[in-house]
Amino acid sequence: MDDDNITVNEEGRSSVSFIEQIIIDDLKAGKNGGRIHTRFPPEPNGYLHIGHAKAICLDFGMALKYGGKCNLRFDDTNPVKEDVEYVDSIKEDIHWLGFDWEEREFYASDYFGKLFEYAVDLIKRGLAYVDDQSAEKISEQKGTPVKAGQDSPYKNRTVEENLDLFYRMNEGEFDEGAKVLRAKIDMSSPNMHMRDPIIYRILKKSHHRTGSKWNVYPMYDFAHGESDYYEGITHSLCTLEFEVHRPLYDWLVEHLKTDDYRPRQIEFNRLNLTYTVMSKRKLLELVQEGRVSGWDDPRMPTLCGLRRRGYTPESVKKFVDMIGYTKVEAINDVTLLEHAVRDDLNVKAPRVFGVLKPLKVVITNYPEDMVEDLEVINNPEDESMGSRKVHFCKDVYIERDDFMEDPPNKFFRLAPGREVRLKGAYIVKCDSFRKNDNGEIEEIYCTYDSETRSGGGSNRKVKGTLHWVSARHAADAEIRLYDRLFKHEDPAGEKDTDFREFLNPDSLEVLKGCKIEPWLAEARPLEKFQFQRMGYFCVDYDSTPAKPVFNRTVSLKDPWAKINK
RNA sequence: UGCUCCGUGGUGUAACUGGCAACACGUCUGACUCUGGAUCAGAAGAGUUCAGGUUCGAGCCCUGACGGAGCAACCA
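None of the values given here were measured: they were computed from a predicted structure. (Residues numbered from 1 in each chain as written. Chains lettered and ligands numbered in written order. Predicted model: local features only at pLDDT ≥ 70, side-chain atom pairs only at ≥ 80, totals over all residues. Heavy atoms only, no water.)

### Observations concerning the packing of helix H7 (residues 220-231) against helix H8 (residues 246-256)
Okay, step 1: Orientation of H7 relative to H8, taken along the N-to-C sense of each, is 50 degrees, at an axis distance of 9 Å. Here H7 is positioned oblique relative to H8, judged by the angle of their axes. The element H7 and its partner H8 pack so that their crossing is right-handed. Between H7 and H8, the contacting residues are Asp221, Phe222, His224, Gly225, Glu226, Asp228, Tyr229 and Tyr230 on the first element and Leu248, Tyr249, Leu252, Val253 and Leu256 on the second.
Okay, step 2: Grouping the constituent residues of the contact of H7 with H8 by class yields eight nonpolar, two polar and three charged. (Axes fitted to C-alpha atoms, helices over the stretch in contact; angles between N-to-C directions. Helix = DSSP H or I, 4+ residues; strand = E, 2+ residues; numbered from the N terminus. Parallel < 35°, antiparallel > 145°, perpendicular 65-115°, else oblique. Left-handed = near helix turned anticlockwise from the far one by under 90°. Contact = heavy atoms within 4.5 Å. Nonpolar A, V, L, I, M, F, W, Y, C, P; charged D, E, K, R; others polar.)

As structure tokens, this is what we get:
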């Protein structure tokens with residue numbers, strides 16, 4: 001059991017989500033044999049995003065915590081939308097998060113045979129019928145939420161006729177849309193889903209797993225509860241929009257079950273993040289329209305995008321744990337996600353020097369040919385990460401933003417006549433600078449105080465400490481900075497405006513000619529570092545030793561940025 | 001104008017069978033600092049959508065409003 005993430009109040013009682021409480025109560029009551037068995041049921045029609053991570057953490061997390069199991073089940077009942085391409089990415093992402101379904105990799109399509117039999121059984125029991133009407137007609141008869149529906153003229157066909165028709169539907173005798181199988185429930189139910197829902201439709205499409213074997217495919221509603229039942233699922237956790245499906249889920253399970261065991265569907269709130277969209281359809285559009293570079297664009301809320309951005313699985317799980325599971329439709333602040341990565345990377349990421357926008361500094365009183373190897377600590381949060389050597393010489397680069405010709409009072413960095421410490425090296429003083437023809441500052445001239453070498457026992461204090469890198473040794477790098485993809489907190493929430501209108505044109509800034517410690521060019525994709533004072537960065541897939549590329553995962557908290565506003 | 005679900009600081013959550021509304025993020029102070037990071041100390045910020053009712057006592061129970069979301073795909 002993992003108790004780390006349980007909030008404990010003053011009386012020492014742990015507070016758990018309403019779902020966990022239900023599980024605890026069910027276990028205590030010995031329901032379904034006192035076992036817990038969950039499932040994560042993605043449709044293989046897109047890449048997983050952080051909203052799925054919330055579901056994964058719950059499905060796998062609860063099973064793990066209470067000694068149960070969690071199945072991976074691909075909900076592949078619609079061959080026109082699904083593809084194997086997605087199956088592999090989904091498995092990879094779940095593993096990345098650190099969860100495992102062992103040998104229990106299932107597909108709803110595994111049950112097409114059983115499901116067909118159950119449909120036949122319902123027909124025989126007079127609980128399902130074949131309807132010949134068009135989609136439009138059926139929809140029309142369905143009524144509206146405020147108006148009862150009316151029975152189909154085909155509702156009272158004989159069992160024999162229904163059976164014959166259903167078999168022939170599957171044999172391919174009828175065109176798509178010509179006939180459907182419907183459960184015979186109640187056309188006047190206040191719940192639209194109970195108005196004789198369609199449970200099978202004709203689809204003459206090849207399925208990514210069953211090929212051309214079937215001409216009829218079950219609808220989601222008809223497959224889900226039964227699949228849960230077949231697999232022995234005890235707690236079927238899903239998002240809030242399925243709440244109104246529950247009576248149908250229960251109806252189908254009730255008519256299927258032959259024993260006391262019964263899976264229970266429980267709904268929780270979906271994850272929404274500020275400044276992004278979360279629906280698969282919208283994410284797909286961003287990809288297809290080239291608004292992002294792909295599903296794994298580091299600005300995407302997909303798990304592969306977050307991974308490429310430099311997020312760790314631990315940070316995603318921590319975030320999910322912080323936001324909780326309720327029935328309230330909430331919009332979670334991205335800053336909480338960002339806090340979660342910073343918190344995780346603060347402990348894990350080695351500190352290095354990287355200058356994003358370099359400005360040359362010449363230390364005029366430093367010997368021309370001298371090079372010192374200065375020892376710097378890798379991570380003040382973790383001594384075991386040791387130290388490394390960095391080269392120091394007469395020419396260094398500092399951050400362009402760390403110098404101001406005419407600075408305000410609260411600016412603690414370099415300016416004419418002011419002193420700063422070059423971290424791990426010496427205190428330097430700016431004596432003068434040179435501008436180019438465009439009036440831009442081109443080079444700064446400093447003198448250093450040789451008594452102030454780091455670790456040398458000097459107790460001179462200066463207000464500011466800058467990161468830097470030796471101009472003679474640095475490697476060049478490309479650094480990609482990311483901002484929120486949308487300018488609007490809830491881009492999909494504005495009814496009259498297309499979400500694309502809110503795209504942030506400046507969400508990607510590519511910096512070239514950045515200067516990094518030379519050895520960093522060899523770092524492998526996804527390796528993570530803190531570029532001191534600048535943020536957390538990770539090596540991009542595009543990176544090569546000859547042309548290193550880094551992504552900024554998230555900046556460091558920056559009080560100066562606020563003062564400067 | 002139907003059914004279902006939901007309304008607690010800015011945001012997300014907590015508050016056992018009713019008992020002084022708690023935590024995290026964010027914000028603001030201050031300390032410390034060779035990262036304006038981290039860390040530490042502290043502060044502000046809600047009286048729980050509203051109105052009634054039950055009760056010694058209601059965020060929790062009851063009634064009624066109001067507000068929001070979902071549901072009318074041969075999608076999941």
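### Concerning the packing of helix H4 (residues 112-124) against H7
Okay, step 1: Two elements in contact, H4 and H7, have axes separated by 11 Å at closest approach and are oriented at 110 degrees. Here H7 runs roughly perpendicular to H4, going by the angle between their axes. Of the two possible hands of crossing, H4 and H7 adopt the one that is right-handed. The residues of H7 that touch H4, namely those facing Lys114, Leu115, Tyr118, Ala119 and Leu122, are Phe222, Ala223, Glu226 and Tyr230.
Okay, step 2: Along the lines of polarity and charge, the residues of the contact of H4 with H7 split into seven nonpolar, no polar and two charged.

### Observations regarding the protein's contact with RNA strand B
Okay, step 1: Contacts to RNA strand B come from 70 residues, most closely from Thr77, Glu329, Arg351, Ser454 and Lys562.
Okay, step 2: Put simply, 65% of the atoms of RNA strand B that lie within 4 Å of the protein are in sugar or phosphate.
Okay, step 3: Contacts to RNA strand B include Asn332, whose side-chain N or O atom sits 3.5 Å from a sugar or linking oxygen.
Okay, step 4: Here a phosphate oxygen of RNA strand B and a side-chain polar atom of Lys495 are 3.3 Å apart.
Okay, step 5: Put simply, the parts of the chain that give the surface near RNA strand B at least two residues each are helix H5 (135-141), strand S8 (198-202), helix H11 (313-323), helix H12 (334-348) and helix H13 (559-563).
Okay, step 6: Class assignment for the residues of the surface near RNA strand B results in 24 nonpolar, 23 polar and 23 charged. (Near = heavy atom within 4 Å. Polar contact = N/O pair within 3.5 Å; in protein donor to acceptor, adjacent residues only side chain to side chain.)

### Comments concerning the environment of Ala474
Okay, step 1: Mapped onto the fold, Ala474 is located in the loop between strand S22 (468-470) and strand S23 (475-482).
Okay, step 2: Along the sequence, Ala474 and Arg388 sit 86 residues apart, while their C-alpha atoms lie 15 Å from each other.
Okay, step 3: Once residues within four sequence positions are removed from consideration, Ala474 is found in contact with Val469, Lys515, Ile516 and Pro518.

### Side note on the confidence of the model for chain A
Okay, step 1: For chain A, the mean per-residue pLDDT works out to 95, and 98% of the residues sit at or above 70.
Okay, step 2: Segment residues 1-13 is flagged for pLDDT under 50; beyond a separation of four residues in sequence, or across chains, it makes eleven contacts in the model.
Okay, step 3: This complex was scored by the predictor with a pTM of 0.95 and an ipTM of 0.96. (pLDDT = per-residue confidence, 0-100.)

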